[in-house]
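Take a look at the letters that make up each chain.
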Amino acid sequence: MDVDDEVVIIGAGICGLATALALHKKGIKSVVMERSESLRNTTGSAIGIRQNGWRALDQLGVAETLRHTAIAIQRERIVSLADGKVEEIPMKGETRCLRRKDLIDTLYDALPPATVKFGCQLESIKLDQITTKPVLRFIDGSSIIAKVVIGCDGGKSIVADFLNLKPTKMFSICGVRGLSNYRDGHSFAHEFLRIRKDNKLVGRLPIDEHLVYWFCAHPYVPGDERNWEDPEEIRRSTLDLLSDYPKEIQEMIEITDVKTLSFSHLRYRAPWDLLMGTFCKGTVTIAGDAMHVMGPFLGQGGSAGLEDAIVLARNLAQMGSIHVESRRKVTVQGVEEAFNLYVKQRKMRVIRLSLQTYLTGMLLGASSHLKKLLCIVLLFLLFRNPSGHIDYDCGCL
């Protein structure tokens, strides 16, 4: 099958759907190939969106809808159980915690019907020897020839492999997350609570007056994936792990919706690999986690993917397309120029985000005082304003 006039996006996650919507708003048709048989809107529990992410959502035209689904977070409160120290910091800029389902569904509903094709799992990508166009082969044996390919297929990206990016690496940290529903309402302040003890970190963010998102980060032990596959086992193990935490934390975990519980060994794309990496080849590029999967320590993974969508669509519309009747048609030469500019505009942004996230993750998982001190010094020298990353503006679509 030849979809020569279409932009093919691999993956219907946050970045893939946002990219399709951004292109649609610029008059460029795309098709999204998703490996699952339906939207993957039940995994991942929730996602924090800082003000840079809300700027991108405003450009996509879905921000107001999403603002009605989540309360604004007013402050950060950091509690150390080891010494009882409590630090309160006013939250800079707009911050809300969205259910992943709400974000995915809202982006999907804003797209033209049939934009997303389900049950299309990519197996490989190569360039046709004669036309040099990307040829996508799927596990069911089917294949398509595309003019443009945008890989939004996550941290284990096949499109990133095609671009010869080095494999992602693993933090020495794993994470558990879930959603807790307080049927009679909770009394928690509109704050991002972080509780630390030793090398364990628990975070809590209210989504609305009933629903709360929480996560727990702790050192990874080899074999944990096998031990934590069952949701009930995740709950039990987390309760055991946090047995010395306040009663309200224990209760929060006990009432967690088992369907939202997940365990993952946190991965990242190394900042030095991003510096040396190639993010486009001809009319193929990547965005979101496929480009810059990072730990959750800054809460910027999803927002960075939304930024990618805006910048990519803007450049593709300005340099990579011509008007044909009532819509735009992409041209190969223009696409290559647009992708090169997109990479140029995004590279240092994602390298800085990834480096700050990497150092923060290494600090949390450091086993020696020397490593902790080194991470603290580097963070201080390189990121004097720890929340400066939320000031970024991806610009107009």
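Caption draft 1: Molecular detail of the sheet that holds strand β12 (residues 191-197). One open sheet holds the seven strands; their spatial order is β5-β4-β12-β13-β14-β11-β15, and the pairing between them is mixed. The open sheet terminates on both sides in strands that have one partner only, identified here as β5 (86-90) and β15 (262-268). This sheet shows a mean twist of 20 degrees between the axes of neighbouring strands, independent of strand direction. Relative to strand β13 (residues 200-206), β12 is paired through five bridges, and the arrangement is antiparallel. Bridged to Lys197 within β13 is Lys200. Contacting β11 (169-181), β13, β14 (211-219) and β15, helix α7 (residues 231-241) crosses the sheet at an angle of about 70 degrees to β14.

Caption draft 2: Quick look at the packing of helix α1 (residues 14-25) against helix α11 (residues 301-319). Two elements in contact, α1 and α11, have axes whose closest approach is 8 Å; the angle formed by their N-to-C orientations is 30 degrees. Relative to α11, the element α1 is oriented roughly parallel. For the element pair α1 and α11, the recorded crossing hand is right-handed. The residues of α11 that touch α1, namely those facing Ile14, Cys15, Ala18, Thr19, Ala22 and Leu23, are Gly305, Leu306, Ala309, Ala313 and Leu316.

Caption draft 3: Molecular detail of unusual backbone geometry. Unlike most non-glycine residues, Ala114 shows phi in positive territory, near 70 degrees. Inspection of the secondary structure assignment puts Ala114 in the loop between α4 (100-109) and β7 (116-117). Exposure remark for Ala114: the relative accessible area of 55% places this residue in the exposed category. Phi angles above zero are rare outside glycine, and Asp198 is one such case at about 55 degrees. Position of Asp198 among the secondary structure elements: in the loop between β12 and β13. The exposed category is assigned to Asp198, whose relative accessible area is 63%.

Caption draft 4: Structural view of the packing of aromatic side chains. All chains considered together, the criterion is met by nine aromatic pairs. Considering the side-chain rings of Phe171 and Phe297, the 5.2 Å spacing of their centres and the 90 degrees angle between planes classify their relative orientation as edge-to-face. Taken together, the residues span a long stretch of sequence, with Phe171 in strand β11 and Phe297 in the loop between α10 (289-292) and α11 at a distance of 126 residues. By the burial criterion, Phe171 is buried, and Phe297 matches it.

The rules we used
Residues numbered from 1 in each chain as written. Predicted model: local features only at pLDDT ≥ 70, side-chain atom pairs only at ≥ 80, totals over all residues. Heavy atoms only, no water. Pairing = 2+ DSSP bridges. Helix = DSSP H or I, 4+ residues; strand = E, 2+ residues; numbered from the N terminus. Axes fitted to C-alpha atoms, helices over the stretch in contact; angles between N-to-C directions. Contact = heavy atoms within 4.5 Å. Parallel < 35°, antiparallel > 145°, perpendicular 65-115°, else oblique. Left-handed = near helix turned anticlockwise from the far one by under 90°. Buried < 20%, exposed > 50% of the residue type's maximum accessible area, 1.4 Å probe, protein only. Phe/Tyr/Trp six-rings, centres within 6.5 Å; stacked < 30°, edge-to-face > 60°.

Note that all results are geometric; they support no functional claim without further evidence.
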